[in-house]
Structures are given as structure tokens and as C-alpha cells.
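Structure assessment
Below are the chains, spelled out letter by letter.
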Amino acid sequence: MDQLLQDHTPRVPPRIKTPQTQEITQQSSQDDHQPGLPAPGALQSAPQTTLSSLDGDSDDYEEVDASYVSVGQGNPLEREMSLQVPVVAAKGRYSSLCSDDEILDDDESSVWEEPGLNSLQSSIYLPNIGRLASPPKEDSSQAPAVIRKGWLDKNPPQGVLYYQRRWVKLDVDYLRYFDNDKQVYSKGIISTASVTNVTSVGELKFEVITSNRTFIFKAESEAERNEWVTVLQDCTRGRQRRSIISPSLPLTPHFKGYLELKGLRSKLFTVVATDKVFLYKTMEDYRIGVGITSIDMNVGNVKVTDRRSFDLTTPYRIFSFIAESEQLKDQWVDAMRDSIGEALSNSEVADRIWAEPSNSSCADCGAPKPEWAAINLCVVVCKRCAGEHRGLGPSISKVRSLKMDRKVWTEELIQVFLLLGNERVNSFWAANIPPSEALSPSSCSDDRRRFITNKYRHGKYRKYHPLYGNQKELNNALCINVQCSDVLETLSLIFCGADVNCSTGMASCPSPLSLANTHSQRLQAELLSHNQNTELPCSEVDAGMEEVHFSAPTCVYHNGFLFKTGSMARAITERKAREEFSRRWCTLNDGTFSYYESDKNSNPNGVLKAPEIVCLAVDAHEKHGYDHTFELYSESERLYLFGTDDPNSHKEWVKSIAKSFIPAKAEPILRLAFERIGRLKCKDGLNLQTSKVGWFALVGSTLHAYLENSQGEEIHLRKLNELSIQQDNEVLVLVERGRTLYIEGERKLDFAGWCAAIQTAAGSGGDTLSQQQLTDTDIPVIVHSCIDYITQCGLTSEGIYRKSGVNSRVAALCERFRQDARSLRLREGEHQVDDVSNTLKRFFRELEEGLFTSEDGGTWLTTAAIQDASMKISQYQVLLNKLPRVNRATLRALINHLYCVQRFSELNQMNLHNLAIVFGPTLFQTDGKDYTAGRAIEDLIQFYTLIFQVDEQQLKKQLEEITAIIQVREKLNTKFPSTEPGGHFICTVYLEEKKDTAEQHVKIPASMTSAELTCEILDRRNIVVKDKEYWNCWEVIDKEEIERPLHYQERVLPILHSFGTDSHLLIKKHVAMEAMMVYLASKVDPSKHGIMKFREERSILGLGLSSGSFHDRYFILNSSSLRMYKEVRSNRPERDWPVRNLRIYLGVKKKLRPPTCWGLTVVYESKKQEKPERQQWYLCCDTQPEMREWYATFMSIQNDGDVWPQDGLQPSRASRVLPDTRHGNVSLIPLRGSENEMRNSVAAFSQDPLALFRDVR
């Protein structure tokens, strides 16, 4: 015994290996090398009391499975799996850490050892503090159904003379064996999927054979042995291995790798799969499906304990793991917590909610299988969006899990979600989402936060109820509606301002909730109950932001060391070295930022009050000597520069300082990753007399603004139409579509910084498509300008795109476009066609990531090899939809251009094949050694109309316009004016009647309105508009015998694009306009209802009416829809059309035999891009005044009551020419203006129709 103590090794009796009891193994294809034993001297000595407990415990002598050593290996150290660890005397016993197949390690205790039991066998170390209460009875709801269980004898590895008693359980996935029937965690598990055979051998024995290992069990009777064999054979027969990689797991692993268990010097291969964690000795064991145990995570909890350590706690054991790094620890913790969530979840509610198809996609971003819901807003959302919903607070969005919050999901609430569904609910919440603001499943957290805040907190995209703003009527409507089953209408009323707790005026039913219950409207009551205390969307700021502002919130407090330079009175133009900074102790408290010589000083060196801070600028990384710096600008025209090398400290300071001087009304901009934030004065186009205070934040190429008395808005700087600056008066002019913003500089210092930053952000930000200056249609300005120029001046140029331009001129053009594409105008004579075409090609060849993206470019080329045309087109469409928005728009514009080029190949000699040869290597950025890239481009051009789903009528119109341009150029050898983003078209307009003497040829810019075109034609004919004359531009469709007066603000160019060959524009008086305006002025209720005769278009089915006759129907027209009822007393409408999607024409074609001559033709066009729909039907009124009233109501609703300009029709020149170079005392310098300049040359057009084309600049 003394010798044993001296050697620090436990006393081990001699092993007797008997072939009859030895575990049979099958030789592995490769030898597995296992670690040997450490030197005995490395172990701690153990007292006799510990060693004496070894006697009679057979598990302490198990050896390594023979399958883990090569045949003929005789070194016992190489066969031994044991990694021995110190023995602690205080425990009074010794227990080796092993499984039945291989010894893992030795230590004081085991994770498998059950408290209160006499068994000392164990597998994994666990300190005494980890021993928890005795395990309760098995949770049958979580554990798989046990097929058979009972006591069996199992032989240890390298068998001895006796077997070991084991409690064995079999379920459909695993055969598990335990020390006793009370243990929760097994000593070993064998995947049934890895079992290849089960056979009876010898007396009462049977073998369980896997791919490279055999386990022998012994029953107490022949009958029992036969029952086990039969059950095992039935369980494993016909089961194929789920995976060569992971046969042991019923489900795909979520995370796997090696983890160290505290107390062991060896690591365990750990696998997190769905709702369980599996432990294996090695990765090879995992691959073959033989492990130690599995942990059900429905009773687990994960807690981080150290930098690399964490505990997995169950009611039975604490597993203390150590990861290889802090980063891996975080990943393990996240994986196990996700597993716990999965274990606790119940998919019954989710499956029922998803039964409504629209609920299977997130209501906000469209991600599949969303598992969360805002129960008061009635939307089903994904996990990432649910996090942003939580950020809104429970007063706005009550977020619940579909899988874990089972109690909240009453049958009524489930029925509400099935009745409404995300699609119907979004018809209210998301009725007006601009495409540029819509989310996708890949959207970042900032975009989600911004979108969800706008959608639910501000109600920015909701569909306003007709009673919005009238509190009394909203409340009355709510009380009426909760008595019926229209839950969506109730939702609309609640979130447009109806008071859920309003008084009904009835003592028996004092509230809408009691009314709903009284009338047995359970779903209405459920919706109302979840919105008793909901904070309603607020789309308007109630009070303006004060110019002399506020006291800072007292909750903003921060302190620490920063490095500071001396304050400056001018902008920083050079890099500040580290030596120029001094270390200062800085504090921010109660809206006062102070800096001290050190943290010991009580008197500050300087103080900045929050109201004095007007701007905070975050510098680029390593701009100065310290890695992270920021600048503070004060009201007194001083600049303060602070720096630090700690990014976290820098982030906290920026966040805290910004929060201290930005008012609560502009708080959302604090959540942005801004580069510059601060206060500026500004004017907009509606009020140029007085300035407003605005709070601005610059984020990338987007300027976020919160103006006085308005909600937040975004200005996309790369999409500006004009950007100008006047230094003398310190005014920055930003012109975007439909609006001009004038930003004034109160102080020169911070304003100069804003100007420089905005100009930089508005320029091209890099070499990717999305970083270019863009048009309104998301096409880079350089691409639009080059295509436009070549379309007008180069389509007849022989060898266009094949001939090279002058390299120096091409390089100069590329550089000018790169500096500011918006300001460059291509002019015939000044710029050569071949130079422009080579500029376009060079842009695409040098494009970072390429037009088709580096990720999917290879897939485009592979698709070109597909032989089946329909399959190829389908695959191209899939790839097209995967492209980023800007790439997709650019590709569409380019292929449209190339399609037009090859249509005129008899003039330019550039057929389909020639264009593909040129553009294949250019667009795919290849060396052009084969024709693979060319084949892809050839396919895109050849199948252009199918892949891009082009409107054939629109394409035909485009080709006719190009033909007209070419014919005019050939006839008169004229030169075209310069081009610009927006595109101008030439069309024929008639005055009063369609005849040759009344036609006028007009150049139509993208922004020209109906009123401007009308004034243009009247000016040419010198027609003076008299009082009470309503000259209008009309869309006339000869084939249908119908006409429509365009609204005075309606853009003309989209009308031209939708024209058929039998349509034209006509300028004439609207004789009924005055009567319509008188009628509208007398109306109190904007809606209208009455009987009209109705007939569908012949090709439309659905009402079962004869297509040859008109039928009386009752119509209700309100601000949102046109509803048709079979009769006045009907409760349910037969049809319901969104009024904004209707286009109303005067007249009905005669061959339909209308019952009266006072008819309307109605065209419905859906806005859904994925499934466009067009319907047409006809209405007839009994009298002309009745028809006039219906038409006036339509016009008023569709244009928000603005039917005719208040000041009458104004001459077009007054609205289209350049503004005076002086605006008050502010000088404006526009950067582009070809459209305005074109207007200056229009006067000569009436004298010479081709004068427009001779405007060479």
C-alpha cells in the first residue's frame, strides 16, 4: 500500500482476459491513435480511505475498445483511454471517469453519479456543488417512447470473467444503458440507425453490431433474450443511415465541436441538435453513432461564468464547460439557448397560424416561417423583426411567441389571426410603402428599426380611415362596428384614433368591449381586449421644436479620459499628430460637458453647455493621431477635437453627447450610425419667408431630417436633381423630385463642414453600382446619360460599341462622371459617339463586384449552357430577381438599349451576335477567350421581352419614337440637344381636333405635367386663356370611343408609355369643369352613392351576368373604394375596387349598345408587380348631370379634392424656366438644367417645328 501511495496510482487487480467473455470488435479501416497515460508522478497522492473503495467495482477496470487499436498492438498505454486526474481525499472515495466502452479520465466524482445512491460508477467529473435534487419520474412528454427496458448484463471492453449489471432502455432512436434504473444520464448510447445487425450468440447472450463495434448483452432467461433480439431487430430493420456524417442524430446538428468539461484534461465532442445536447468522446464516435449521453434541454439553463466558461444547469446535474476561445464560448451559449427555446416550444399554435398562407411570411420583411406575433397589431413577424417590435415597448407592440407563449393563444385569438392574416392586415398597415423603404429578409437592424418605427409608432404607411381626425365619428363607428363581424374595420378604426374605452351612452353596455360581448362577437372582443391600453400611432408632431431649446436630460451621465487638442476658430484641414493632443478628464452631467487637467482637479479647464453644441462630427478611422476622434462645434464658432484609441469609449462618448443636445422630438436620429449630427436652419418650397429649425443627421449618402412641426424624413443625396451652394450667403440648395430645400448656415464654421460632407455624400461613393449617383429609377446617372446620348445621336453609327474612342477623351469622361455625374451633360459636337460608348463599356468593366455580382456571376454563365429555352428563361428570371435593386434596374435599362440597337442593325451593323461579342466579356469581366459570356448576353437580348416581362405595346412605342428620331436626322441632318437623366420624348399633340393642320410636335421631359403641356400648346398658337375657360389636356382612345381629361398635375410621359396605336393627346376646353367645381363646392360629404347600370367586359367572368346587356346595381364611392351591391338593401358588396387604382373615361363604345348616352368606362389596374391585373367595365347614368356628378366625385377623391389650380392655368414658361439667379438676397447656382434651357428655345418651335433639334450647345 505504501508503494502504491508513493507511486500516486490506484491499486488495480490483475485483469483476466477470457475469449468467451471478451467484447467482439471489428477492425476499423484506419487505426485511431489515442493519448496515452501521463507519467504517474504527475498525479496527486490519495489516502487509503479513497483507495479502499475500489474493491468490487468492476467499472473502474474497463479498458479501451479493441476497435480503437490496431491488431497486434501490445502496448497497454496505447490501448488505455484513461486520462487520470487528481483524487481528492475529502470525498472519501474514488471513482474513475469512464463509460463501459472506454475510460475517459479519473477524478473525484461523476456527472452521471446520482446523489443518494450507492453506485460509484461515473463518466464525467462534477464537483459536489453541482449535485442537485434526485431526479423525478421521467417526463414522458419530452422523452421518446420507450419500446423496451429492463436489466441486462453487459460485458466490459477486453472482457473479464464477469458481466456488469446495466439498466437498458430502447427507444426508436437509441439503445441506452445506465448504472441503475434511477439515473437520468446514460453511461452510453448507441444509435439504432448505426446498428447493422442483432443476433443471438451463446447461452442467453446477444450481439448488437455496428459498423465497427460489437456490444454483447446477456439476459436472465432465454425468453427474455429472444424478446430483446426481436424488438431490436424490428426497431433497426430497414433503417438506413440518416447521414454518413451524423448517423447518431435524428436531426441536423445546429452546432458541434470540442468542449472541455471542468475537471477533465481531455475534451468531449459536443453536439447541439434541436432540443438536445449530445456528448461523445471523439468526433469518430459521433460519426459512427456511439456516444456517452444526451441532455434534454427542456429542463436546461445556460449561464456564463467566465471569459471562456459557462454552465449548463439541469435539475439533476451542472455541466461546467470550457470553450477554446471567448468567441466560441459566445457561439456555444447562443446555440444552447436556442436549443432550450426549441425544447420549450410547441408548434401546434404555429402550425395553425401558418395555415393562413399569408401568415407563413413575416408581415414586415417577408422572411419565411415567422415564429412571433404582435397580438395587438395582429401581425405575424420573424425573430429579427420581433426584436425591433420589443424596442417599441408593450404600449405599442405586444410581442408573443407562437411556440412558447402557449397560454396567451386562446382559440379566439388564433381565429383573429386566421381571419385577418398578414396580407389583409397589411392592406391597412402597409398600404403606402415606398419601394425604397420596404424591408427584405436580409435587411440590417437599422433599416428594420427605422421601418418598424415608421410603420407602427408613426403609422406612416397605414391606410387612413375616411373618418380620420373626427374623434366623435370614429368612436361612433367603432361602437357600431363591434356589433358585427368585420374585424379588419375595427382594427382600422382603432389605429386611426378611435377610443377603445369610449362611452357608448348605454348603461347596460358602457364600452365597445361590453357591446361586442353582448352581441356574441368573440373575435371583436378579443381584439379590443388586447388594445385597451395601446398607444396609438402619431404621424404628426404636436408642437414645434423650440429654437432656443431645452435643458438636457438629467439621465445623461458619462465620464472618462479623452485626448484633446486646443480649440480652434477654423476648420481642421491637416492631420493632427498624437503629440498635439493632451490627456484630459472629461465629464458629461446634467447637460454640461466639462474637461479637467486630471481626475483629481475640481475646477474644469473648459465647459460646454448642451444648448451651445450645434454639431457633432465623427471623424473617419485614423484620420488623426488617435484612431477614433470626434469634433464638437459650438454656438460661439469654436471647434473642439477629442480622440481616443478605445473604440468602445469613443462610441459611448459620441452617443452620450449626442443624446445630451438632441431634443426628444428628433430622438430617432440618435439610433442611427451617423457621421455628422446637429442643428441647422432651413426653408422649403412651401414657405420661403421664414426659416425653420431642423435637426439633421448624415448617414452614408442619406440625410435624415427632423424639421419643425413635421415628422422625420430622408433625403437620398445621390438621387438629388440639383445640388448647389452659395458661399457668400451660406445657403445650400437641395433639389429633389417635387421639392426644394434651402439649408442656411447660421455659423460659418459648422456650415462649411456640413456643405463639404453633403457634397461628398452626394457624389459617387465608390466603384459599386449602389454607390453611384442614381436617377429616380435607380439607374446610375452615367449609364442613363450614355444610353440616352447614344439613342439620340449614335444608333445609326456603323460599328457602334465595336469601334474604339480616343483613350484620353474616354479617361477624361470617366473621371468627370466619377467626380459628379449629375453635372456632366453630353453634347453632340462636344462629345463623340465612340468616346461615349467606350466610356459606358469601361464603366461596366471596371465595376467592383460586376453588374451580375461576383457571387452569382458564374451561375449566369452556367445558365447560358441550358438547352431548353423555357427552362433557361425561367432560370434567368430567378437570377434577375436575386440581383440587388440597382443592379436589376441597370441591367434592365442596358438590355433594353442593346435590344433597340440590334433592331436597327441594318444601319449600324451591330446585330445580336456582334453586341454579345462586345458586351459579354465587358459585363462579366472575363478575358473573352470563349463565347460563354457572349452567349449569356445574347440570350438576354434575344429573350428580352420574356425575361424582363416587357409590355409589348410600350416597347413598340419606344421603337417608333426612335425611328422618328432617325428619320428626322436623316432628312434634315440635324443635331440633337444634350441629354440628361429623366429622358425626353417627342410626341404629336393636337389642338381641339385631330387633323393635320392642328398637330404640334412637342418634346416631353419626364417631369412635364398636363397643365404645362396645355400652356405650351396655347403659347405656340398665341391663344390667350380667358376667365372661366378651362383648357385641358385629354387622353383620347379612338378604338374604345372614350376620352379622359388629365389632372393638371398628372405627368404626361407615363401616359405616352401606356399609349396604344389608336390613342393620342388632345388640347381642348373642359366645358363641364365649372359645373363640376360648383357641385363639389356644395358637397358636405365627399362620398357618393346611387344606382347605375353596369356591364362587364366580355372576357371578364364572375357575376354570372349576360355579357350583352346592362344591369342595375347600387354603388357606394368613398375615399378608399368603389363598392357595388346587387341592390340597395344588400349587406355584402359583390365587388370592391380600390379607388386609387381606377382610371375613369368618359363615354362607352357604341357597339355595346349602352342604354343611355351618359356612360363611363372604368379601367382597374392592380399595383402588384408579381401579378398585374387589368379589368374593364362600363357604367351608364340616366342623365348628364348625374354622370357629371359621379365623374367629379371620382376626380375629387383621387386627387384629394384638388381638381383644378386655385389660380387657374398658369403659362408654362413661368413654371418651367430657370429661377432668377437671385432669390431675395440669396444667389442660387443650379448644377443641371437642360430641361429648363430647352424650354427657353420652345418659343421658336411654333414657327419652325424642327427648331428644337437645332439647339446645339
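Here the structure is a predicted model, which is why all the values come from computation and not from measurement.

We now examine the overall build of the protein. Secondary structure assignment for the protein yields 33 helices and 49 strands. When burial is assessed residue by residue, the protein has 53% of its 1257 residues classed as buried. In the protein, the proportion of contacts linking residues at least 24 apart, taken out of those at least 6 apart, comes to 62%. As presented, the protein carries roughly 56300 Å² of accessible surface, and 48% of it is formed by carbon and sulfur atoms.

This next bit is on the packing of aromatic side chains. For the structure on display, the rule yields 38 aromatic pairs. Aromatic rings pair up to connect Y174, Y258, F269, F278, Y280 and Y286 into one cluster. In this arrangement the basic side chain of K169 is found over the ring face of F178, its NZ or CZ atom lying 5.4 Å from the centre. Just above the ring of F561 sits the side chain of R583; from NZ or CZ to the centre is 3.5 Å.

Attention now goes to helix α6 (residues 326-344). With 19 residues, α6 should cover 27 Å at 1.5 Å per step; its first-to-last C-alpha distance of 27 Å lies within 8% of that length. Along α6, the positions that sit buried rather than exposed are K329, W332, V333, A335, M336, S339, I340, G341 and A343. Packing partners of the buried residues in α6 comprise β11 (255-261), β12 (267-273), β13 (276-280), β16 (301-304), β17 (309-313) and β18 (318-322).

Across the interface, helix α8 (residues 383-392) lies against helix α10 (residues 445-457) with an axial gap of 9 Å and an inter-helix angle of 55°. Judged by the inter-axis angle, α8 sits oblique to α10. You can see that α8 and α10 cross each other, and the crossing is right-handed. Contacts from R384, C385, E388, H389, G391 and L392 of α8 reach α10 at S445, R448, R449, I452, T453, Y456 and R457. Its residues assigned to classes, the contact of α8 with α10 shows 4 nonpolar, 4 polar and 5 charged.

On to the sheet that holds strand β10 (residues 214-218). In spatial order, the strands read β8-β9-β10-β4-β5-β6-β7-β14; together these 8 strands make up an open sheet with antiparallel pairing. Each edge of the open sheet is held by one strand with a lone partner, namely β8 (195-201) and β14 (290-291). Where β8 and strand β9 (residues 205-210) come together, 6 bridges link them in antiparallel fashion. Bridging from a neighbouring strand, N197 pairs with I209 of β9. On the sheet, helix α4 (residues 222-236) packs against β4 (146-154), β5 (164-171), β6 (174-178), β8 and β9 and is oriented at approximately 130° with respect to β4.

Let us look at helix α22 (residues 885-903). With 19 residues, α22 should cover 27 Å at 1.5 Å per step; its first-to-last C-alpha distance of 27 Å lies within 8% of that length. Most of α22 is tucked away: 15 of the 19 residues are buried.

Per-residue confidence for the protein gives a mean pLDDT of 77, with 78% of residues at or over 70. Note on residues 240-250: pLDDT under 50 across the span, and 36 contacts to partners over four residues away in sequence or across chains. A low-confidence stretch, residues 1099-1106 (pLDDT under 50), is modelled with 14 contacts involving residues beyond four sequence positions or located in other chains.

Attention now goes to the nonpolar core. Grouped together as the largest cluster of nonpolar side chains are 67 residues, with contacts concentrated most on Y801, W860 and L891. If one sorts the elements of this core by residue count, α22 sits on top with 10 residues. In this structure L891 touches L851, F852, W860, L880, L883, L940 and F948, once residues within four positions along its chain are discounted. By size, the runner-up hydrophobic cluster in this structure holds 59 residues, among which are Y990, V1002, I1017 and I1144.

Using the criterion set out here, one finds 58 salt bridges in the structure. Among the salt bridges present, the one from K383 reaches D338, with a minimum N-O distance of 3.6 Å. Of this pair, K383 sits in helix α8 while D338 sits in helix α6, placing them 45 residues apart in sequence. Residue K383 is classed as exposed on the basis of its relative accessible area, which comes to 57%. For D338, a relative accessible area of 46% translates into the label partly exposed. Between R935 and D939 there is a salt bridge; the shortest N-O distance is 4.0 Å.

A word on the side chain of K1088. With respect to the helices and strands, K1088 occurs in strand β41 (residues 1088-1096). The class of K1088 is buried, set by a relative accessible area of 12%. Polar side-chain contacts of K1088 include one of 3.5 Å to the side chain of E1189. With near-sequence residues (within four places) excluded, K1088 lies in contact with Y1079, F1115, I1116, L1117, E1189, W1190 and T1193.

What counts as what
Residues numbered from 1 in each chain as written. Predicted model: local features only at pLDDT ≥ 70, side-chain atom pairs only at ≥ 80, totals over all residues. Heavy atoms only, no water. Helix = DSSP H or I, 4+ residues; strand = E, 2+ residues; numbered from the N terminus. Buried < 20%, exposed > 50% of the residue type's maximum accessible area, 1.4 Å probe, protein only. Contact = heavy atoms within 4.5 Å. Areas by Shrake-Rupley, 256 points an atom, 1.4 Å probe, with all protein chains shown as cover. Phe/Tyr/Trp six-rings, centres within 6.5 Å; stacked < 30°, edge-to-face > 60°. Lys NZ or Arg CZ within 6 Å of the ring centre and 35° of its normal. Expected span 1.5 Å × (residues − 1). Axes fitted to C-alpha atoms, helices over the stretch in contact; angles between N-to-C directions. Parallel < 35°, antiparallel > 145°, perpendicular 65-115°, else oblique. Left-handed = near helix turned anticlockwise from the far one by under 90°. Nonpolar A, V, L, I, M, F, W, Y, C, P; charged D, E, K, R; others polar. Pairing = 2+ DSSP bridges. pLDDT = per-residue confidence, 0-100. Core = buried A, V, L, I, M, F, W, Y, C linked by side-chain atoms within 4.5 Å. Salt bridge = Lys/Arg side-chain N within 4 Å of Asp/Glu carboxyl O. Polar contact = N/O pair within 3.5 Å; in protein donor to acceptor, adjacent residues only side chain to side chain.

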